[in-house]
Amino acid sequence: MVGKIVAVSVVSAVMCITGQALAQQVCAPYQQVETALANSKYHEKPVAKALTDGGLVVIFAGKDGATWTVVLVRAKDQVACIGAVGTDWTNVAALGEGS
């Protein structure tokens, strides 16, 4: 039950975030954030990951690219925080491809 409440809270917070700065950072265990984004009306899945000094950056995007979410994950405890959200995700050539 608590997991469902957290997941609903994460999805609600993501849907309310606009281009303005986050008034309050939205954080939860990574698995709950990943599940919430996948099960939201946006159906976002991870499309890119990168290591940082203290953890991981994961970018989620909807299948059609209409929406995206940047999630910052702390390595020490796997707590994930929403870093940014937006629209119109576009994939670019992978490293080593293109000119």
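Calculation notes
- Residues numbered from 1 in each chain as written.
- Predicted model: local features only at pLDDT ≥ 70, side-chain atom pairs only at ≥ 80, totals over all residues.
- Heavy atoms only, no water.
- pLDDT = per-residue confidence, 0-100.
- Contact = heavy atoms within 4.5 Å.
- Phe/Tyr/Trp six-rings, centres within 6.5 Å; stacked < 30°, edge-to-face > 60°.
- Helix = DSSP H or I, 4+ residues; strand = E, 2+ residues; numbered from the N terminus.
- Buried < 20%, exposed > 50% of the residue type's maximum accessible area, 1.4 Å probe, protein only.
- Pairing = 2+ DSSP bridges.
- Axes fitted to C-alpha atoms, helices over the stretch in contact; angles between N-to-C directions.

A. Layout of the confidence of the model for the protein. Predicted confidence across the protein gives a mean pLDDT of 82, with 74% of residues reaching 70 or more. With pLDDT under 50 throughout, residues 1–9 is counted as low confidence; its partners more than four residues away or in other chains account for four contacts. Between residues 12–22, whose pLDDT stays under 50, and residues either more than four places distant or in other chains, the model counts 13 contacts.

B. Just the packing of aromatic side chains, in detail. According to the stated counting rule, one finds one aromatic pair in the structure shown. Considering the side-chain rings of Tyr 30 and Phe 60, the 6.4 Å spacing of their centres and the 40° angle between planes classify their relative orientation as tilted. Pair noted here: Tyr 30 is in helix H2 (residues 30–39) and Phe 60 is in strand E3 (residues 55–61), with a separation of 30 residues, a long-range link. For Tyr 30, a relative accessible area of 10% translates into the label buried.

C. The arrangement of unusual backbone geometry in detail. Look at His 43: it is not a glycine, yet its phi comes out positive at around 50°. Along the chain, His 43 turns up in the loop between H2 and strand E2 (45–51). Its identity as a non-glycine residue notwithstanding, Asp 88 has a phi of 65°, on the positive side. Mapped onto the elements of the fold, Asp 88 is located in the segment after strand E5 (79–87). Taking the relative accessible area as the measure of exposure, Asp 88 reaches 62% and is therefore exposed.

D. Looking closely at the pairing of E2. Summarising the sheet, E2 and E3 pair through six bridges and their orientation is antiparallel. Its bridge partner being in E3, Ala 50 is matched across the sheet by Val 57. The hairpin formed by E2 and E3 contains three residues between the paired strands.

E. Fine view of the sheet that holds E5. An order of E1-E5-E4-E3-E2 is seen for the five strands of this open sheet, with the pairing classed as antiparallel. The two strands at the open ends of the sheet, each matched to only one other strand, are strand E1 (27–29) and E2. The mean angle between the axes of side-by-side strands here comes to 30°, regardless of whether they run parallel or antiparallel. Pairing of strand E4 (residues 67–74) with E5, which is carried by seven bridges, proceeds in the antiparallel orientation. Within E5, the residue paired with Leu 72 across the bridge is Cys 81. Where H2 meets the sheet, its contacts fall on E1, E2, E3, E4 and E5, and the angle it forms with E1 comes to roughly 105°.

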